[in-house]
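# Architecture at a glance
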Amino acid sequence: MKQFYFFLILALMLSCSKKAPVLNNSDQLDAAPQITYDTTAIDSFGPGATSEAVMAKINAVAIKREKDSLAAIAKVEQEKLDKEKAKLEAEKTKEEKKESKPETQTEVSTNQ
């Protein structure tokens, strides 16, 4: 009975194994799918090529957008720094007020 199960498992393993095709001869290489691209190369002097004037305009717009985005980032960073500075100043004034109040109370109590 053990031999029967052994042969059954062996037969299943051999029948279910997946063999990858080997492409090593010219007949099989021709049967391989051809690679297709969705873009085509455009010659710089051919039809559809972009002129230097158009490229200069495109670059100018790109540079302006980059400068605008960098300015916006710098503005946000400056606002964060200003908020933190204001918060620190507010904490310092609170601490100074707390320190000055006990001194005035001790002066009043010593005068009585």
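All figures in this text were calculated on a predicted structure; none of them were measured in a lab. (Residues numbered from 1 in each chain as written. Predicted model: local features only at pLDDT ≥ 70, side-chain atom pairs only at ≥ 80, totals over all residues. Heavy atoms only, no water.)

## Digging into the overall build of the protein chain
Looking only at helices and strands, one finds three helices and zero strands in the protein chain. Secondary structure elements of the protein chain occur, N-terminal to C-terminal, as α-α-α. Residues classed as buried in the protein chain amount to 0% of the 112 residues present. (Helix = DSSP H or I, 4+ residues; strand = E, 2+ residues; numbered from the N terminus. Buried < 20%, exposed > 50% of the residue type's maximum accessible area, 1.4 Å probe, protein only.)

## Notes on helix H1 (residues 2–16)
Between its terminal C-alpha atoms H1 stretches 21 Å, which fits the 21 Å expected from 15 residues at 1.5 Å a residue. Of all 15 residues making up H1, only zero are buried, and the element is barely covered by its neighbours. (Expected span 1.5 Å × (residues − 1).)

## Examining the confidence of the model for the protein chain
Summarising the model, the protein chain shows a mean pLDDT of 77, and 62% of its residues fall at 70 or more. Confidence scores differ between elements of the protein chain, with helix H2 (residues 26–31) showing the lowest mean pLDDT of 61 and helix H3 (residues 52–111) the highest of 84. (pLDDT = per-residue confidence, 0-100.)

## With respect to the packing of aromatic side chains
Across all of its chains, the model carries two aromatic pairs by this definition. Seen from their ring centres, Phe 6 and Phe 7 are 5.6 Å apart, and the 70° between their planes marks the pair as edge-to-face. Classification of Phe 6 as exposed rests on a relative accessible area of 53%. (Phe/Tyr/Trp six-rings, centres within 6.5 Å; stacked < 30°, edge-to-face > 60°.)

## Here's the deal with a nonpolar patch on the surface
Taken together, the side chains of Met 1, Phe 4, Tyr 5, Leu 8 and Leu 12 make up a nonpolar region of the molecular surface, amounting to roughly 580 Å² of accessible area. By the element assignment, Met 1 lies in the segment before H1. With relative accessibility at 70%, the residue Met 1 sits in the exposed group. (Patch = residues over 30% accessible without salt bridge, like charges linked within 9 Å, V, L, I, M, F, W, Y side chains within 5 Å. Areas by Shrake-Rupley, 256 points an atom, 1.4 Å probe, with all protein chains shown as cover. Salt bridge = Lys/Arg side-chain N within 4 Å of Asp/Glu carboxyl O.)

## Considerations on a negative patch on the surface
A cluster of acidic residues, Glu 91, Glu 95, Glu 96 and Glu 99, forms a negative patch on the protein surface. Residue position: Glu 91 is located in helix H3. (Lys, Arg positive; Asp, Glu negative; His and termini not counted. Charge placed at Lys NZ, Arg CZ, Asp CG, Glu CD.)

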